Amino acid sequence: MDKLLYNHLIAVETISFSSMPVYILEPNTKILIQDTENGIIGQYIINSISMSLEYNGKMTVNAIKKKEKIY
């Protein structure tokens, strides 16, 4: 019950970014992002990854910010 309440009462911060493919990343992996230019700093957990199969293709990553427990 605690986890259910925590997931629905806390605002979730999500990000999406594109980059060159990094083949070692997979969903449910924790990553650290420090982008001071855009104000994105913290630990994120990868939700999904999509890659194009073209030469010089891009990879798109969707991630949710890891929240610390507040209680």
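This section reports on the structure supplied with the text. (Residues numbered from 1 in each chain as written. Predicted model: local features only at pLDDT ≥ 70, side-chain atom pairs only at ≥ 80, totals over all residues. Heavy atoms only, no water.)

## Regarding unusual backbone geometry
Rule in force here: Only runs of H or I of at least four residues qualify as helices and only runs of E of at least two qualify as strands under DSSP, and these elements are numbered from the N terminus. Type-normalised accessible area, obtained with a 1.4 Å probe on protein chains alone, sets the label of each residue: buried when under 20%, exposed when over 50%, and partly exposed for intermediate values.
Its identity as a non-glycine residue notwithstanding, Asn28 has a phi of 70°, on the positive side. Among the secondary structure elements, Asn28 is positioned in the loop between β1 (14–19) and β2 (30–35). Relative accessible area serves as the criterion here: at 69%, Asn28 is assigned to the exposed category.

## With respect to the sheet that holds strand β4 (residues 59–65)
Working definition: the strands of a sheet are paired by backbone hydrogen bonds and lie parallel or antiparallel to each other. Just so we agree on the cut-off: Any two strands between which DSSP finds at least two bridges are classified as paired. Lines are fitted to the C-alpha atoms to define the axes, a helix being fitted only along its stretch in contact, and any angle between axes, read from their N-to-C directions, falls within 0 to 180 degrees.
Overall, antiparallel pairing links the four strands, which are arranged β1-β4-β3-β2 in an open sheet. On the outer flanks of this sheet lie β1 and β2, each paired with one strand and no other. Sheet twist, expressed as the mean angle between neighbouring strand axes with direction ignored, is 45°. The pairing of β2 with strand β3 (residues 40–51) spans six bridges and is antiparallel. Residue pairing for β3: Ile33 is matched across the bridge by Gly42.

## Here's the deal with the nonpolar core
Where we set the bar: The nonpolar core is taken to be a set of buried Ala, Val, Leu, Ile, Met, Phe, Trp, Tyr and Cys residues, with the residues joined through side-chain atoms within 4.5 Å. Should any heavy atoms of two residues lie within 4.5 Å, those residues are counted as being in contact.
The biggest cluster of nonpolar side chains holds eight residues, and these are Ile15, Ile31, Ile33, Tyr44, Ile46, Met59, Val61 and Ala63. Not counting residues within four places of it along the chain, the set of residues in contact with Ile31 comprises Phe17, Leu25, Gly42, Gln43, Tyr44 and Ile46.

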